[in-house]
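Residue strings, one per chain:
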Amino acid sequence: MSSSSPHKSPILEPIKARKNRPLSWSDQFSGDPNEALKHVILKMRLQSISNSGSATPPSESEPDSADSFTPSPLSGSTDYFSLLNDELVLDVFSRVTDRKQHVSNSLVCKRWCMLCGKMVQSIVLLDWEFLESGRLSFRFPNLVDISIVPACIKFEMNSGILLHARNLGVYLNSGDFETGGLFVTKETILDSATIDRGVRMLATGCRNLRRIALMNLSEEGLRCLGNECEMLQEMELHCCSELALKGIYGCQNLQIVKMIGRIDGVYDIGFSDIGMTILAQGCRRLLKLELVGCEGSFDGIKAIGMCCQMLEELTLCDHRMEGGWLSALSYCANLKILSIHSSMYIDENPGVEQYLGPCPMLEELHLRRCRLHNREGVMSLFLVCQRIRELVIEDCWGLDNNIFVTASILRSIRSLSLEGCSLLTTEGLESVVLSWNELSRLKVISCNNIRDSEIRPELASLFSVLKELKWRPNSKSFLSTGLHAKSSGIKWWRENLDGNFSHSWNFRPARSEFIEKMPTGGTAPQRGTAAAAAANLRRRKTASTGGAAGGAGGTMLQFYTDDAPGLKISPNVVLIMSIGFIAFVAILHVMGKLYFVRRE
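Residues numbered from 1 in each chain as written. Predicted model: local features only at pLDDT ≥ 70, side-chain atom pairs only at ≥ 80, totals over all residues. Heavy atoms only, no water.

## Describing the overall build of the protein
Helix and strand counts for the protein come out as 21 helices and 18 strands. Going through the 600 residues of the protein one by one, you find that 38% of them count as buried. Within the protein, contacts between residues at least 6 apart in sequence are counted, and of these 67% link residues at least 24 apart. When the accessible surface of the protein is summed, it comes to about 34000 Å², and 55% of that surface belongs to carbon and sulfur atoms. (Helix = DSSP H or I, 4+ residues; strand = E, 2+ residues; numbered from the N terminus. Buried < 20%, exposed > 50% of the residue type's maximum accessible area, 1.4 Å probe, protein only. Contact = heavy atoms within 4.5 Å. Areas by Shrake-Rupley, 256 points an atom, 1.4 Å probe, with all protein chains shown as cover.)

Shown next as structure tokens:
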């Protein structure tokens, strides 16, 4: 009777009311676990149906889950993001700064994968099969920079040993340590035919390449790359034979070439004057050339200088040049920057100084991690580079006072940077720096034998007229508080100008704010001494920034300084203007004569 009663049971009422409303997440997971799992599966199925546009109803095997779940109105809505064209989507993706997010976006769907691939412009290839299958050019059609060097070396995919040396990363196998000192041999590099086939597919699929790094490429592969990729401007070659460089004639727009013939402990491929000559004749528009581990002599450098008339920067790294190559630098008529890195010597036999002509346009000389123990070789290098304006020496072995004094022949130096020169002392630095009248920037870092307490007033006076000074010869001379305010730095400088001091500074002093002080005793320095030379240098450089001179001579001298205000014109312009003025006056005289004659 109780079951047929029209009155509702108070116990069953809340349960029935709970079934009439949609289930919340808390109700679903607090009940039967199987019920919650069915709900998740149905939710994913409805979402896939809405994305695909299919009207197929859910399976009848899940009637309970269908009854217990009421789909949201948004679950069956249209995917408005798919209505956007590719250009708008690429514009949205380009505003994402985090590159890792592009990888996550490429996993959403095939369309996003293709669009994210179009945004990739630089890549390093590790799997050669990815290139041979054609997936590389299909996946990344807009590549601009690519390196296929790691993929050209055979290695185990699960190798945990990574060797990185000079832009070359190689995964080593367990048996590579028994190859006689070289980790990469001819047996571990793909053959030239396989590499040519892959490069041909890359060139036909990615025609917008501007930089590429290659390894063990033949003449045919280089020629195909030059014909297909007309915009190629930078090339890096590893383990390429000298005869293979004949194909580089097709790369007419090459401007930067890096030729790596030898890397210590990795591989060793000979590259001599023959390769330099072929390279110079094939790339006549070179602006920057870097030779790593190359062997050569006077003839190779001469061929580069005569053929590459536009060459502005030359870098020699770990070179094996024969004696006399320095004298060939005079043929590089437009060379502006010369860099020598990681070399055991400069030139073992430079020859007679009469044949060491200066490089006419050279402005900068960079020496990094070189061994400068041979005084004759360093002296010959400075003779060739005697017109440079900037000298940079970093972490060079053997640079002591006897070697550094040869730099006094560089009369046009305006900027000097010394870093890691532990054998150079304060006396050696002072003897050279005081002889440079145009020095305006000085940087001394990590030179342990240069001490603040050994600085004399002559060198301190020179520091007062520099435009930029960075002085940190050792860690002890670095102030913890620093000289942040210019006024405090100038005050400290005035107080310690004539005495011994044990501080360091890093600031740019203003020339007009320094006070010219006389040495102790009030008398002027004797003529011919270092103090007199420093005083004359200080007066000469501060004359352009001071006020008007008392006499007419001091006023006229200001017109002949580089810092004088006003319009600066060349002598040719002055000559043309003078001739034009004379012609104009002559025409006026002729016109005046004709006018008076007709009037009479």
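## Concerning the environment of Val-384
Within the secondary structure layout, Val-384 lies in helix α14 (residues 375-384). Residues Val-384 and Cys-359, 25 residues apart in the sequence, show an inter-C-alpha distance of 5.8 Å. Setting aside residues up to four positions removed in sequence, Val-384 forms contacts with Leu-326, Leu-329, Leu-356, Gly-357, Pro-358 and Cys-359.

## With respect to the nonpolar core
If you look at the biggest cluster of nonpolar residues, it comprises 120 residues, and the most contacted ones within it are Met-235 and Leu-416. Among the elements that take part in this core, α14 stands out by supplying 5 residues, more than any other. Filtering out sequence-adjacent residues up to four positions away, Leu-416 remains in contact with Leu-391, Phe-404, Leu-429, Val-433, Trp-436, Leu-439, Arg-441, Leu-442 and Lys-443. Core analysis: the next-biggest nonpolar cluster, separate from the first, contains 5 residues, Val-89, Phe-93, Trp-112 and Cys-116 among them. (Core = buried A, V, L, I, M, F, W, Y, C linked by side-chain atoms within 4.5 Å.)

## A look at the packing of helix α10 (residues 192-205) against helix α11 (residues 219-228)
Axis separation between α10 and α11 bottoms out at 9 Å; the angle between their running directions is 0 degrees. It follows that α10 is roughly parallel to α11 by the angle criterion. For the pair α10 and α11, contact is made by Asp-196, Val-199, Arg-200, Ala-203 and Thr-204 and by Glu-220, Gly-221, Cys-224, Leu-225 and Glu-228, respectively. Split into classes, the residues belonging to the contact of α10 with α11 amount to 4 nonpolar, 2 polar and 4 charged. (Axes fitted to C-alpha atoms, helices over the stretch in contact; angles between N-to-C directions. Parallel < 35°, antiparallel > 145°, perpendicular 65-115°, else oblique. Nonpolar A, V, L, I, M, F, W, Y, C, P; charged D, E, K, R; others polar.)

## Here we look at the packing of aromatic side chains
Using the criterion set out here, one finds 4 aromatic pairs in the structure. Considering the side-chain rings of Phe-93 and Trp-112, the 5.2 Å spacing of their centres and the 75 degrees angle between planes classify their relative orientation as edge-to-face. Of this pair, Phe-93 sits in helix α5 (residues 86-94) while Trp-112 sits in helix α7 (residues 110-118), placing them 19 residues apart in sequence. In this structure Phe-93 comes out as buried when scored by relative accessible area, which is 4%. Assessed through its relative accessible area of 18%, Trp-112 is described here as buried. (Phe/Tyr/Trp six-rings, centres within 6.5 Å; stacked < 30°, edge-to-face > 60°.)

## Brief notes about the pattern of salt bridges
Applying the stated criterion to the full structure yields 16 salt bridges. One salt bridge in this structure joins Arg-111 and Asp-86, with 3.1 Å as the shortest N-O distance. One end of the pair, Arg-111, is in helix α7; the other, Asp-86, is in helix α5, with 25 residues separating them in the sequence. Residues joined by salt bridges that share partners form a network here, namely Asp-145, Arg-211, Glu-234 and Glu-236. (Salt bridge = Lys/Arg side-chain N within 4 Å of Asp/Glu carboxyl O.)

## Focus: the environment of Leu-469
Along the chain, Leu-469 falls in strand β17 (residues 468-472). Accessibility expressed as a relative area gives 2% for Leu-469, which makes it buried. The sequence separation of Leu-469 and Val-444 amounts to 25 residues, and the corresponding C-alpha distance is 8.5 Å.

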